[in-house]
Amino acid sequence: MATVVAFHAHPDDEAILTGGTLARAAAEGHRVVVVVATDGRVSNDDGDRLVELRSSAEILGAHRVECLGFADSGFGAEFYPDPPGRVRFARADIEDAAQRLAAILRDEDADLLLSYQPNGGYGHRDHVRVHHVGKRAAQIAATPRVLEATMPRELLARIAHAARLLRLPAPYERDVVRTAYAPGASITHRINVFGFARQKRDAFAAHRSQIGANPAAARLFAVLLRLPPQVAGLMFGREWFVDPALPPGRVCRDIFE
């Protein structure tokens with residue numbers, strides 16, 4: 001059996017990008033560790049999202065959850081000053097953050113690190129930082145393999161178009177979709193997580209503070225929660241990764257390939 005460490009920017013990213021993959025790995029007997037760079041709080045007055053993270057991780061079958069202790073950097077044009085006593089992750093020293101993550105990788109003798117692509121998926125400054133910190137941490141800890149979580153850009157474009165037609169909130173703005181995540185032809189791992197779609201959905205539902213913070217997203221998610229398991233499986237039945245060490249072409253069906 002292997003050990004996989006999933007490194008994410010914020011609580012809820014673990015469910016959105018890798019929830020099915022982590023649940024599948026745990027069900028197959030592998031050790032699953034979830035590490036988040038930030039506690040998800042933009043302000044020190046925000047609620048404790050790590051409680052929700054632990055609930056999500058339990059649903060997915062994760063064996064360990066850790067937070068590197070940085071503050072959420074926020075998304076958008078304005079980059080807020082650091083909150084009292086904490087450093088926003090996008091301002092964190094890469095070497096310092098990488099050493100924190102590398103200590104976990106070494107402690108776990110990790111076989112595989114799940115991280116992000118250089119564009120951070122959709123350009124969030126914390127997600128971009130995850131890529132740089134994850135890459136450096138893997139070098140320090142001599143972790144054998146790194147996979148970068150992603151989605152097919154073409155699929156996102158279709159979803160955004162359908163959402164507009166149905167007058168539902170689109171996951172990303174049009175200008176973001178044009179460069180988000182990865183072209184389908186560059187994806188090296190397409191993972192079937194059909195049987196774990198309900199766990200993925202329920203893990204995301206554990207992050208209630210995030211769902212409730214956006215009324216449009218709350219309405220959309222209320223619809224998703226009512227979907228029959230088979231339909232949920234069709235919607236959430238695939239997850240994707242890029243192995244930067246592999247040439248595009250052959251598509252692997254297991255993260256340990």
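Cut-off values and rules
- Residues numbered from 1 in each chain as written.
- Predicted model: local features only at pLDDT ≥ 70, side-chain atom pairs only at ≥ 80, totals over all residues.
- Heavy atoms only, no water.
- Core = buried A, V, L, I, M, F, W, Y, C linked by side-chain atoms within 4.5 Å.
- Buried < 20%, exposed > 50% of the residue type's maximum accessible area, 1.4 Å probe, protein only.
- Contact = heavy atoms within 4.5 Å.
- Phe/Tyr/Trp six-rings, centres within 6.5 Å; stacked < 30°, edge-to-face > 60°.
- Helix = DSSP H or I, 4+ residues; strand = E, 2+ residues; numbered from the N terminus.
- Lys NZ or Arg CZ within 6 Å of the ring centre and 35° of its normal.
- Pairing = 2+ DSSP bridges.
- Salt bridge = Lys/Arg side-chain N within 4 Å of Asp/Glu carboxyl O.
- Expected span 1.5 Å × (residues − 1).
- Arc of directions from axis to C-beta.
- Polar contact = N/O pair within 3.5 Å; in protein donor to acceptor, adjacent residues only side chain to side chain.

Draft legend 1. Summary view of the nonpolar core. Phe-7, Val-35, Phe-89, Leu-101, Leu-105 and Leu-114 are the most contacted members of the largest nonpolar core, which totals 61 residues. If we ignore the near neighbours within four places in the chain, the residues touching Leu-114 are Val-4, Val-5, Ala-6, Phe-7, Thr-18, Leu-22, Leu-147 and Phe-241.

Draft legend 2. Inspection of the packing of aromatic side chains at higher detail. Summed over all chains, the structure comprises three aromatic pairs. Ring centres 5.4 Å apart and planes at 45 degrees place the aromatic pair Phe-70 and Phe-89 in the tilted group. Of this pair, Phe-70 sits in strand S3 (residues 64-70) while Phe-89 sits in the loop between S3 and helix H3 (94-108), and the two are 19 residues apart along the sequence. For the pair formed by Phe-70 and Phe-89, the shared burial category is buried. Note on Phe-75 and Tyr-122: the rings are 5.4 Å apart at their centroids and 70 degrees apart in plane angle, and the pair reads as edge-to-face. Separated by 47 residues along the polypeptide, Phe-75 in the loop between S3 and H3 and Tyr-122 in helix H4 (residues 120-123) bring together distant segments of the chain. In textbook terms, an aromatic cluster arises when at least three aromatic residues are bridged by ring pairs, as seen for Phe-7, Phe-70 and Phe-89. Residue placement shows Arg-91 over the ring face of Phe-79; its charged tip is 3.8 Å from the ring centre. Seen from the ring of Phe-79, Arg-125 lies directly overhead, with NZ or CZ sitting 4.5 Å from the centre.

Draft legend 3. Quick look at unusual backbone geometry. Backbone geometry at Asp-12 places phi at a positive 105 degrees, although glycine is not the residue there. When you line up the elements, Asp-12 lands in the loop between strand S1 (3-8) and helix H1 (13-27). Look at Asp-12 and you get buried, because its relative accessible area is 10%. Positive phi outside glycine occurs at Tyr-181, with the angle close to 50 degrees. Note that Tyr-181 resides in the loop between helix H7 (174-177) and strand S6 (189-192). What makes Tyr-181 buried here is its relative accessible area of 5%.

Draft legend 4. Inspection of the environment of Leu-155 at higher detail. Locating Leu-155 in the fold gives a position in helix H6 (residues 153-165). Here Leu-155 falls in the partly exposed class, since its relative accessible area comes to 26%. Sequence separation between Leu-155 and Pro-183 is 28 residues, and the spatial gap between their C-alpha atoms is 9.3 Å.

Draft legend 5. Expanded view of the pairing of strand S5 (residues 145-150). Within S5, five of the six residues are buried, which leaves the element mostly enclosed by the surrounding structure. Looking at chain direction, strand S4 (residues 112-116) and S5 are connected through five bridges and run parallel. Looking across to S5, one finds that Leu-114 is bridged to Leu-147. As paired strands, S5 and strand S7 (residues 238-242) are joined by three bridges and run antiparallel to one another. Of the residues in S7, the one forming a bridge with Ala-149 is Phe-241.

Draft legend 6. Structural detail: the pattern of salt bridges. Under the defined criterion, the tally for this structure stands at 16 salt bridges. The residue Arg-24 makes a salt bridge to Glu-28 at a minimum N-O spacing of 3.1 Å. Note on Arg-24: relative accessible area 16%, which makes it buried. Several salt bridges converge on common partners, so that one network encompasses Arg-31, Arg-64, Glu-66, Asp-107 and Glu-108.

Draft legend 7. Layout of H3. With 15 residues, H3 extends 21 Å from end C-alpha to end C-alpha; this agrees with the ideal 21 Å at 1.5 Å per step. Among all positions in H3, only Ala-97, Ala-98, Leu-101, Ala-102, Ile-104, Leu-105 and Glu-108 are buried. What you see down the axis of H3 is that its buried residues fit within an arc of 160 degrees, all on one side. If you follow the buried residues of H3, they end up packed against S1, strand S2 (31-38), S3, S4 and helix H5 (125-141). The backbone nitrogen of Glu-95 has a side-chain oxygen 3.2 Å away, supplied by the residue at the start of H3, namely Asp-93. Positive phi shows up at Asp-109, right after H3, with a value of about 50 degrees.

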